[in-house]
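# Architecture at a glance
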Amino acid sequence: MAEQDYDYDLFVIGAGSGGVRASRIASSHGARVAVAEEFRVGGTCVIRGCVPKKLLVYGSHFAEELQDAANYGWTVEGMRFDWPTLRDAVNKDVDRLNAAYTSTLENNKVERFLERAEITGPHSVRLADSGREITAKVILIATGAWPVTPDFEGAEHCITSNEVFHLPELPKKVVIAGAGYIAMEFAGIFNALGSHVTVVNRSETLLRGYDEALRDRLLQITMARGIEYKFNCPFEKVVKREDGCLEAYLKNQPDPLVADVILVATGRRPKVDGLGLENAGVELGERGEIKVDAFNRTTCDSIYAVGDVTDRVQLTPIAIREGHAFADRVFGGKDVSISYDCIPSAVFSQPPLAAVGLTEGQARNQYGAVKVYSSDFRPMKNIFGHRPERGLYKMVVDANTDRVLGIHMIGPEAPEILQAAAIAVKAGLTKAAFDDTVALHPSMAEELVLLK
């Protein structure tokens with residue numbers, strides 16, 4: 001088929017962060033672009049992920065702020081929290097963002113099909129609702145990932161992070177399955193808003209991949225705040241009682257946990273179901289991810305994939321960068337590539353964690369001789385709050401070159417502080433460069449240049 005005979009130069013399946021960016025950039029290079037999205041434009045992060053979740057985090061912080069206000073001289077009477085008000089405000093902002101992302105596609109002359117698309121060949125797709133067949137020179141898969149629901153009896157009574165933003169009322173008791181970042185973030189939200197929270201994990205490790213010192217500190221602080229933990233306790237079954245409450249039966253526990261809501265947050269898997277990948281010879285990896293090369297090309301030369309569906313790095317900024325680089329390379333003729341080193345990440349738990357680079361354990365395995373500098377301090381804000389919670393900043397340094405290999409932080413506003421510090425780690429700066437920088441006093445961030 002001649003190039004001009006294709007309906008589009010690029011057809012994108014999935015209008016999330018990666019798909020929208022790729023569509024916009026490809027169109028700016030003169031490509032004829034269309035995108036199919038079966039739910040809402042914006043993707044997981046904007047519609048049912050990090051953005052609405054962060055708004056819930058902000059909302060839950062007011063519980064702590066209002067409690068501390070009296071110690072700062074404020075009189076606050078009649079304090080009362082209303083879940084529907086916060087829930088509806090968050091979902092209203094999701095509507096705004098959905099409209100904004102839709103406008104981005106419209107303004108960049110990207111045609112939208114609000115229905116599911118299935119690949120029927122290396123250059124063709126079929127739209128599920130209309131049955132229309134469409135051809136394209138290049139197809140990009142950007143369908144993201146989907147929550148994993150474990151296979152146990154009664155799992156249908158549980159919810160995932162997709163549904164948690166639409167709860168009719170604030171639950172009095174919440175059981176959360178899993179101890180990854182999604183689990184820990186919602187545990188903090190519900191705990192702060194007054195729910196009794198129990199985190200149930202099938203292993204004894206929370207936040208796998210983060211530095212052990214930070215994980216231990218978060219565990220200590222959240223337990224002091226009232227969150228309960230059940231480690232090494234896989235779910236056996238969930239039973240819904242006549243009164244609507246749920247009973248969670250766990251291995252190694254004699255009695256069930258009773259809850260109003262059970263939130264399953266045990267991970268996410270690439271969303272490849274029903275894509276018709278087999279029709280174009282697109283192969284999957286061991287984890288069900290779409291296999292791609294360094295340039296995001298699949299095992300079919302005309303089909304690419306970016307973002308969480310490749311399960312390379314499940315972070316929104318990575319999907320955006322991959323989508324941008326793909327469009328620049330394929331339609332803009334630019335020789336660009338993505339670096340996956342020193343990617344900063346954060347967990348918006350309460351208090352939050354943030355990290356970039358290697359943990360202490362990883363650094364010792366790779367470099368052998370390392371130096372570890374740290375600051376264990378009480379944030380000034382907590383003094384009037386009468387909370388003994390302490391922040392912890394940790395820097396891992398190559399003992400031979402003085403280069404900073406990793407920075408790990410837990411404490412108020414840690415993610416906001418780490419973003420700037422991540423530039424230094426990415427740039428390969430040394431501990432001496434931090435030492436030579438004058439402290440910004442009084443601040444928590446100054447601890448980064450005072451580490452001992």
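Residues numbered from 1 in each chain as written. Predicted model: local features only at pLDDT ≥ 70, side-chain atom pairs only at ≥ 80, totals over all residues. Heavy atoms only, no water.

## Describing the packing of aromatic side chains
All chains considered together, the criterion is met by 12 aromatic pairs. Residues Tyr 304 and Phe 326 carry aromatic rings whose centres are separated by 5.0 Å and whose planes lie at 55° to one another, so their mutual orientation is tilted. You can see Tyr 304 sitting in strand 16 (residues 303-305) and its partner Phe 326 sitting in helix 7 (residues 316-332), a full 22 residues away along the chain. Classification of Tyr 304 as buried rests on a relative accessible area of 6%. By relative accessible area, Phe 326 is classed as buried at 0%. Chaining the aromatic ring pairs together yields one cluster made of Trp 83, Phe 165, Phe 186 and Phe 190. Between the NZ or CZ atom of Lys 237 and the centre of the ring of Tyr 249, over which it lies, the distance is 5.0 Å. (Phe/Tyr/Trp six-rings, centres within 6.5 Å; stacked < 30°, edge-to-face > 60°. Helix = DSSP H or I, 4+ residues; strand = E, 2+ residues; numbered from the N terminus. Buried < 20%, exposed > 50% of the residue type's maximum accessible area, 1.4 Å probe, protein only. Lys NZ or Arg CZ within 6 Å of the ring centre and 35° of its normal.)

## A word on the environment of Val 148
Looking at the secondary structure, you find Val 148 in the loop between strand 7 (145-147) and strand 8 (173-177). Considering only alpha carbons, one finds Val 148 and Leu 392, 244 residues apart in sequence, at a separation of 32 Å. When near neighbours in sequence (up to four residues on either side) are disregarded, Val 148 contacts Val 264, Thr 266, Gly 267, Arg 268 and Arg 269. (Contact = heavy atoms within 4.5 Å.)

## Examining the sheet that holds strand 8
Across the sheet, four strands lie side by side as 10-9-8-14; this open sheet has parallel pairing. A single partner strand is all that each edge strand has here, and the edge strands are strand 10 (228-230) and strand 14 (261-264). Across the sheet, the mean angle separating the axes of adjacent strands is 20° when strand polarity is ignored. Where strand 8 lies against strand 9 (residues 196-200), five bridges are found, and the strand directions are parallel. (Pairing = 2+ DSSP bridges. Axes fitted to C-alpha atoms, helices over the stretch in contact; angles between N-to-C directions.)

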